[in-house]
Amino acid sequence: QVQLVESGGGLVQAGGSLRLSCAASGRTFSNYAMGWFRQAPGKEREFVAAINWGGGVTYYADSVKGRFTISRDNAKNTVYLQMNSLSRKDAAVYYCAQGSGRRATDVVGAVPPYWGEGTQVTVAS
């Protein structure tokens with residue numbers, strides 16, 4: 001059974017940084033693309049970033065390009081999201097997701113089959 005557990009959320013001042021982590025278990029981590037999504041109150045869930053199995057291919061939503069960085073450590077079965085220059089528009093529950101295959105497009109272009117419970121990011125002005 002696949003389990004994804006996010007951590008690292010919290011309260012940060014506008015302009016600050018946070019690093020989210022997602023620990024995965026249940027199947028061979030390095031065989032699957034990973035991604036981050038977010039959902040703000042009253043809004044639909046949206047794609048944030050994706051990374052392929054090896055970490056060499058990444059995709060980002062236009063709203064976070066240049067500020068967020070997705071990475072992974074296959075030895076630790078963990079994917080990260082480094083978030084810099086945070087604004088109130090970034091406040092949301094952030095979800096980790098695991099794709100159905102190795103390609104980052106398995107996360108970007110489809111609904112991933114496995115999701116974490118989410119971690120709250122709050123940005124104070």
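Residues numbered from 1 in each chain as written. Predicted model: local features only at pLDDT ≥ 70, side-chain atom pairs only at ≥ 80, totals over all residues. Heavy atoms only, no water.

Per the secondary structure count, the protein includes one helix and eleven strands. Walking the protein from its N terminus toward its C terminus, one meets helices and strands in the order β-β-β-β-β-β-β-β-β-α-β-β. Relative to its length of 125 residues, the protein is compact, with a C-alpha radius of gyration of 13 Å against a globular reference of 14 Å. Its C-alpha atoms give the protein principal-axis dimensions of roughly 40 × 30 × 25 Å. Residue pairs at least 24 apart in sequence account for 60% of intrachain contacts in the protein once pairs closer than 6 positions are excluded. By element, 46% of the accessible surface of the protein is carried by carbon and sulfur atoms, the whole surface being about 6,300 Å². Side-chain charges of the protein comprise 13 positive and 8 negative groups, with the mean position of each set lying 4 Å from the other. (Helix = DSSP H or I, 4+ residues; strand = E, 2+ residues; numbered from the N terminus. Rg over C-alpha atoms; globule rule 2.2 N^0.38 Å. Contact = heavy atoms within 4.5 Å. Areas by Shrake-Rupley, 256 points an atom, 1.4 Å probe, with all protein chains shown as cover. Lys, Arg positive; Asp, Glu negative; His and termini not counted. Charge placed at Lys NZ, Arg CZ, Asp CG, Glu CD.)

For the rest of this paragraph, the subject is the side chain of arginine 38. Residue position: arginine 38 is located in strand E4 (residues 34-39). Looking at arginine 38, its side chain comes within polar contact range of the side chain of glutamate 46, at 2.6 Å. Of note is the side chain of arginine 38, whose polar atom sits 3.5 Å from the side chain of serine 63. Sequence-distant contacts of arginine 38, that is, excluding residues within four places in its chain, are made with Glu44, Arg45, Glu46, Val48, Ser63, Val64, Phe68, Lys89, Asp90, Ala92, Val93 and Tyr94. (Polar contact = N/O pair within 3.5 Å; in protein donor to acceptor, adjacent residues only side chain to side chain.)

Counted under the stated rule, the structure contains two aromatic pairs. Centroid distance phenylalanine 37 to phenylalanine 47: 5.7 Å. Interplanar angle 75 degrees. Geometry classified as edge-to-face. Pair noted here: phenylalanine 37 is in strand E4 and phenylalanine 47 is in strand E5 (residues 46-51), with a separation of ten residues, a long-range link. Here the aromatic cluster, defined as three or more aromatic residues joined through ring pairs, consists of Phe37, Phe47 and Trp115. Its guanidinium or amino end placed over the ring of tyrosine 32, arginine 27 lies 3.5 Å from that ring's centre, counting from NZ or CZ. When the ring centre of tryptophan 53 is taken as reference, the NZ or CZ atom of arginine 102 above it lies at 4.7 Å. (Phe/Tyr/Trp six-rings, centres within 6.5 Å; stacked < 30°, edge-to-face > 60°. Lys NZ or Arg CZ within 6 Å of the ring centre and 35° of its normal.)

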